[in-house]
Structure formats: structure tokens, C-alpha cells
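# Remarks on the overall topology
Now for the letters of each chain:
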Amino acid sequence: QHVLHWIGQQQQQHQDEKAALEQLARQHETALQREVNAHKSAQEKLQKLARELDNRNRQLNESLLQSQSADKAKAEFLANMSHEIRTPLNAVIGVASLLDRSQLSDRQRQQVGMIFESGKSLLTTLNDVMDYVRIEAGEITLDAFPFNLAEAVSAVFMRHRELAQARGLEYSFLYGESLPRLF
């Protein structure tokens, strides 16, 4: 009877161990299933992000092509407009130069000088715009060279002096002697 009791205890212990192992196996299976599901979810998210990235790259490439096309159209437009503006502007400068050689009063000579200088200034501005377009297109490089700031400011002053005086404004220009001339 003692042996039977011991065998019963062993069977009970074996059944308890089997139940514990089965429960542990179920827990591991559940945890493993959660890991598999998490991995699948992460993989799906990664695939979705990869598709979104591909779409975004495609959109960026299309935008780049559109931008390059717009830049080219802008450059062509500005080149055409430059020609359209430059032709009559050169005529104005030429006529002002011819007028300057004729008999004029001091006031008329000053006014013709303003026309001539303003035309040259506009031509310079137009050339600067075209240079900017060429720089943008990578067709030109900039070279640094010294320039006289006093002369540049004086030229601007002279262009606007008569207009300011006509409006009754006091308009003066003073460039300090201690300031550098060349930059």
C-alpha cells in the first residue's frame, strides 16, 4: 500500500509537472505569437513607409524637373526682355549723347546729362539682372575686384538730386575723407 501511495504521488506529481509544462508552453506560444504579430506589424509599417518614401521621391523629382523647366523659361524670358528693353534704351542713350554735343543751355545740358546717366544706370541694372540669371544657370562665375564706393554713391546721388530739389527737399552727399575709397 505504501508503494501504491508512492506511485499515486508520483503520478500526481507527474500530472502537476505536465500541467505546469503545458501552461508554460501556452505562455511561450502566446508570447511568441505576440512577437510574430509585432514583427509582422513592424514589417507592414516599414513597407508602408518605403512606399511613401518612393512616392515622395517621385514627387520631389517631378518638382525638380518642373523647377528646372521654370528656371529655363524664366531665363529665356529675361533674355528676350533684355533684348527688347536694351534696344530702345541704347537709342535713348545715343540720342542723349548726340544732344549733349549740340548747343544747350546749362540747365538743358544738365537735364541731358541726367537722361544719359539714367540710361547708363538702367543699362547697368539690366546687365546686372542678366548676370544674375547667368549665375543662377551656372553659366558665369563672379570675380572680386575693387570698386570705389564714393563714386558709386555719388552716381546714385547725382541721379536723384534734381528730383529731390524739384520737390523742395534738401539733398546732400558727404563721403568722409577718412573713409576708405576702394573696397
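Above: the structure in question.
Everything numeric in this text was worked out from a predicted model, so none of it was measured.

As enumerated under the stated definition, the model contains 5 salt bridges in all. The partner of Arg 107 in a salt bridge is Glu 162, and the shortest N-O contact between them spans 3.9 Å. Here Glu 162 lies in helix H3 (residues 149-166) and Arg 107 lies in helix H2 (residues 106-136), a separation of 55 residues in the sequence. What makes Glu 162 buried here is its relative accessible area of 15%. The closest approach of N and O atoms between Glu 177 and Arg 181, which form a salt bridge, is 3.6 Å. With relative accessibility at 71%, the residue Glu 177 sits in the exposed group.

The grouping of Val 3, Leu 4, Trp 6 and Ile 7 at the surface amounts to a nonpolar patch, some 430 Å² of accessible area in total. Along the chain, Leu 4 turns up in helix H1 (residues 2-100).

Along the chain, Ser 82 falls in helix H1. Residue Ser 82 is classed as buried on the basis of its relative accessible area, which comes to 5%. Within polar-contact distance, the side chain of Ser 82 engages the side chain of Arg 86 at 2.6 Å. Among all residues touching Ser 82, those that are not within four sequence positions of it are Leu 126 and Met 130.

Structurally, Lys 40 can be placed in helix H1. For Lys 40, a relative accessible area of 46% gives the class partly exposed. Separated by 112 residues in the primary sequence, Lys 40 and Ala 152 place their C-alpha atoms 70 Å from one another.

Attention shifts here to the environment of Leu 4. Residue class for Leu 4 comes out exposed when judged on its relative accessible area of 62%. C-alpha separation for the pair Leu 4 and Gln 33, spaced 29 residues apart in sequence, amounts to 42 Å.

A separate point is the packing of H2 against H3. Each packed pair of helices is defined by two parameters, the angle between the axes and the distance between the axes. Packing of H2 against H3 brings their axes to within 9 Å, and their N-to-C directions diverge by 130°. With respect to their mutual orientation, H2 and H3 come out oblique. The element H2 and its partner H3 pack so that their crossing is left-handed. Each of Arg 107, Gln 110, Gln 111, Met 114, Glu 117, Ser 118 and Ser 121 in H2 lies in contact with H3, whose residues at this interface are Arg 159, Arg 161 and Glu 162. Here the contact of H2 with H3 is composed, by residue class, of 1 nonpolar, 4 polar and 5 charged.

Taken N-terminus to C-terminus, the directions of H1 and H2 make an angle of 160°; their axes are 9 Å apart at the nearest point. Classified by the angle their axes make, H1 and H2 are roughly antiparallel. Crossing handedness for the pair H1 and H2: left-handed. Each residue belonging to the contact of H1 with H2 can be placed in one class, and the counts come to 17 nonpolar, 5 polar and 6 charged.

For H3, spanning 18 residues, the distance from its first C-alpha to its last is 26 Å, which sits close to the expected 26 Å at 1.5 Å a residue. Considering bend angle alone, the principal kink of H3 is centred on His 160 and spans about 40°. Of the surrounding secondary structure, the elements contacted by the buried residues of H3 are H2. Looking at where H3 begins, the residue whose side-chain oxygen comes 3.0 Å from the main-chain nitrogen of Ala 150 is Asn 148. Once H3 finishes, Gly 168 follows within two positions and takes phi at roughly 80°, a positive value.

Conventions used here
Residues numbered from 1 in each chain as written. Predicted model: local features only at pLDDT ≥ 70, side-chain atom pairs only at ≥ 80, totals over all residues. Heavy atoms only, no water. Salt bridge = Lys/Arg side-chain N within 4 Å of Asp/Glu carboxyl O. Helix = DSSP H or I, 4+ residues; strand = E, 2+ residues; numbered from the N terminus. Buried < 20%, exposed > 50% of the residue type's maximum accessible area, 1.4 Å probe, protein only. Patch = residues over 30% accessible without salt bridge, like charges linked within 9 Å, V, L, I, M, F, W, Y side chains within 5 Å. Areas by Shrake-Rupley, 256 points an atom, 1.4 Å probe, with all protein chains shown as cover. Polar contact = N/O pair within 3.5 Å; in protein donor to acceptor, adjacent residues only side chain to side chain. Contact = heavy atoms within 4.5 Å. Axes fitted to C-alpha atoms, helices over the stretch in contact; angles between N-to-C directions. Parallel < 35°, antiparallel > 145°, perpendicular 65-115°, else oblique. Left-handed = near helix turned anticlockwise from the far one by under 90°. Nonpolar A, V, L, I, M, F, W, Y, C, P; charged D, E, K, R; others polar. Expected span 1.5 Å × (residues − 1). Bend = angle between axes of the 7 residues up to and from the residue.

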